[in-house]
Amino acid sequence: MTELIVRNEPAIRMGFFVGIFLAVALVELVAPRRGLTVSKKTRWFGNIGIVAINTFLLRILFPAGAVGISIWVGRQGWGIFNLAEWPFWLEIVLTVIILDFVIYMQHVMFHAVPALWRLHMMHHADLDIDLTTGTRFHPIEIIISIGIKAGAIIILGAPPVGVIIFEIILNGTAMFNHGNFFIPLGVDRVLRLLVDFQMGHEPDKLLQRIMARIVPGPEVNRGSDTCLVSLISWRAEGMSDARWKRLCVSHETQMFIIKHMIESGA
Ligand SMILES: [Zn+2]
């Protein structure tokens, strides 16, 4: 079974990628949540072009990929899972959970370290959001990421099947999470049980960070076809000047996007 899955890894992963891509893309086309500022064609040409460059780079630099590393580690008998006899299913479940946590920590790090943020900004600077945003990453971030993943796989002695399942889930959820479509509230409530996250440690300790206000034009002596939009951010105690400046610039950009959307009737 394992051998069958490993041997057909490229086809299995490609199948899931294309399947999830088509499903999310179709829902986005039929029921988009938000209008785009540039056409899908322009967006996809850019974002999928980046995927092509990243895939090409990975194939050249790491032809074996994460799965190849895990096969190699298994042969060497390295890693925590190879120290003792673990049930196979447990190794797979732990591989998926731990690799997910490692990639989560990597994401936090890419936000926290200024030099890394400059690379990761490329993902967050996408003017619109659709499923291709989930694959829009700087080539250097992709290379650093495979290095971190390889380290985790070696330390764990992660089995190839676990790594394949993890890669499929990571790739699929990245496309789904960035999908530009409306999820009915009832469905969202069920999904949240699985994927919800919370800002702050307890619900009553949530901090006010940002407030948006929309006032109809006539209330501020403007025409009835206008409105006043304001965005207020709280500067957290201890936030550095550089970080605060970045926050202001990104909120200013958001205001321009909102203005554009209102004016273009999106
Ligand atoms: Zn991020």
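Calculation notes
- Residues numbered from 1 in each chain as written.
- Predicted model: local features only at pLDDT ≥ 70, side-chain atom pairs only at ≥ 80, totals over all residues.
- Helix = DSSP H or I, 4+ residues; strand = E, 2+ residues; numbered from the N terminus.
- Buried ≥ 20, exposed ≤ 12 C-beta atoms within 10 Å, placed from the backbone.
- Contact = placed C-beta atoms within 7 Å.
- Domains from an automatic or database assignment.
- Core = buried A, V, L, I, M, F, W, Y, C linked by C-beta atoms within 7 Å.
- Expected span 1.5 Å × (residues − 1).
- Arc of directions from axis to C-beta.
- Pairing = 2+ DSSP bridges.
- Axes fitted to C-alpha atoms, helices over the stretch in contact; angles between N-to-C directions.
- Left-handed = near helix turned anticlockwise from the far one by under 90°.
- Nonpolar A, V, L, I, M, F, W, Y, C, P; charged D, E, K, R; others polar.
- Parallel < 35°, antiparallel > 145°, perpendicular 65-115°, else oblique.

Colleague: Hey, could you go over the overall build of the chain for me, with residue numbers and the actual values?
Modeller: Helix and strand counts for the chain come out as 10 helices and two strands. Seen in sequence order, the chain has helices and strands lined up from the N terminus as α-α-α-α-α-α-α-α-α-β-β-α. Looking at the chain as a whole, 17% of its 266 residues are labelled buried. Taking contacts inside the chain between residues at least 6 apart in sequence as the whole, the part at least 24 apart equals 76%.

Colleague: Talk me through the domain arrangement of the chain; I want residue IDs and the actual numbers.
Modeller: Along its sequence, the chain is carved into domain 1 (2-195) and domain 2 (203-264). Each of domain 1 and domain 2 has a C-alpha centre, and these two points are 32 Å apart.

Colleague: Any chance you could break down unusual backbone geometry for me, citing the residues and the numbers?
Modeller: Positive phi, normally seen in glycine, also occurs at Asn221, with a value near 55°. Within the fold, Asn221 resides in the loop between strand 1 (210-216) and strand 2 (227-233). Judged by C-beta crowding, with 6 C-beta atoms within 10 Å, Asn221 ranks as exposed.

Colleague: An account of the environment of Ser145 is needed here, citing residue identities and associated values.
Modeller: Here Ser145 lies in helix 7 (residues 139-156). Spatially, the C-alpha atom of Ser145 lies 15 Å from that of Pro63, the residues being 82 residues apart in sequence.

Colleague: Explain the nonpolar core to me, and be specific about the residues and the numbers.
Modeller: Formed by 15 residues in total, the largest nonpolar core has its most connected members in Ala66, Ile153, Leu156, Ala158 and Val163. Listed by contribution, the elements that provide at least two residues to this core are helix 4 (65-76), helix 5 (88-112), helix 7 and helix 8 (160-177). Those residues within four positions of Val163 in sequence are excluded, and the remaining contacts are Ala66, Val67, Ser70, Thr95, Ile153 and Ala158.

Colleague: Please provide a residue-by-residue account of helix 7, values included.
Modeller: Here helix 7 contains 18 residues, and its C-alpha end-to-end distance of 26 Å stays within 8% of the 26 Å for a straight helix at 1.5 Å per residue. Those residues of helix 7 that fall on the buried side of the exposure criterion are Ile142, Lys149, Ala152, Ile153 and Leu156. Down the axis of helix 7, the sector holding all buried residues measures 100°, keeping them to one side. Against helix 3 (40-61), helix 4, helix 5 and helix 8 lie the buried residues of helix 7. Gly157, located one to two residues past helix 7, shows a positive phi value of around 70°.

Colleague: Lay out the pairing of strand 1 in plain terms, naming residues and giving numbers.
Modeller: Of all seven residues making up strand 1, only zero are buried, and the element is barely covered by its neighbours. Relative to strand 2, strand 1 runs antiparallel, the two being bridged by seven bridges. Paired with Ile214 across the bridge in strand 2 is Val229.

Colleague: Please provide a residue-by-residue account of the packing of helix 5 against helix 7, values included.
Modeller: Packing of helix 5 against helix 7 brings their axes to within 10 Å, and their N-to-C directions diverge by 145°. In this structure, helix 5 crosses over helix 7, and the sense of that crossing is right-handed. On helix 7, the residues touching Thr95, Ile98, Leu99, Val102, Gln106 and Phe110 of helix 5 are Glu141, Ser145, Ile148, Lys149, Ala152 and Leu156. Looking at the contact of helix 5 with helix 7 residue by residue, the class counts come to seven nonpolar, three polar and two charged.

Colleague: Could you give an account of the packing of helix 3 against helix 7, naming the residues involved and the relevant values?
Modeller: Close contact between helix 3 and helix 7 brings their axes to 10 Å; oriented N to C, the two are set at 40°. With respect to helix 7, the axis of helix 3 lies oblique. The crossing of helix 3 and helix 7 is right-handed. Residues Ile53, Asn54, Leu57, Leu58 and Leu61 of helix 3 form the contact with helix 7, whose own contacting residues are Pro139, Ile142, Ile143 and Ile146.

Colleague: Tell me about the environment of Asn82, and name the residues and values.
Modeller: Inspection of the secondary structure assignment puts Asn82 in the loop between helix 4 and helix 5. For Asn82 and Gly157, which are 75 residues apart along the polypeptide, the C-alpha to C-alpha distance reads 6.1 Å. Here Asn82 is in contact with Gly77 and Gly157, once residues within four sequence places are set aside.

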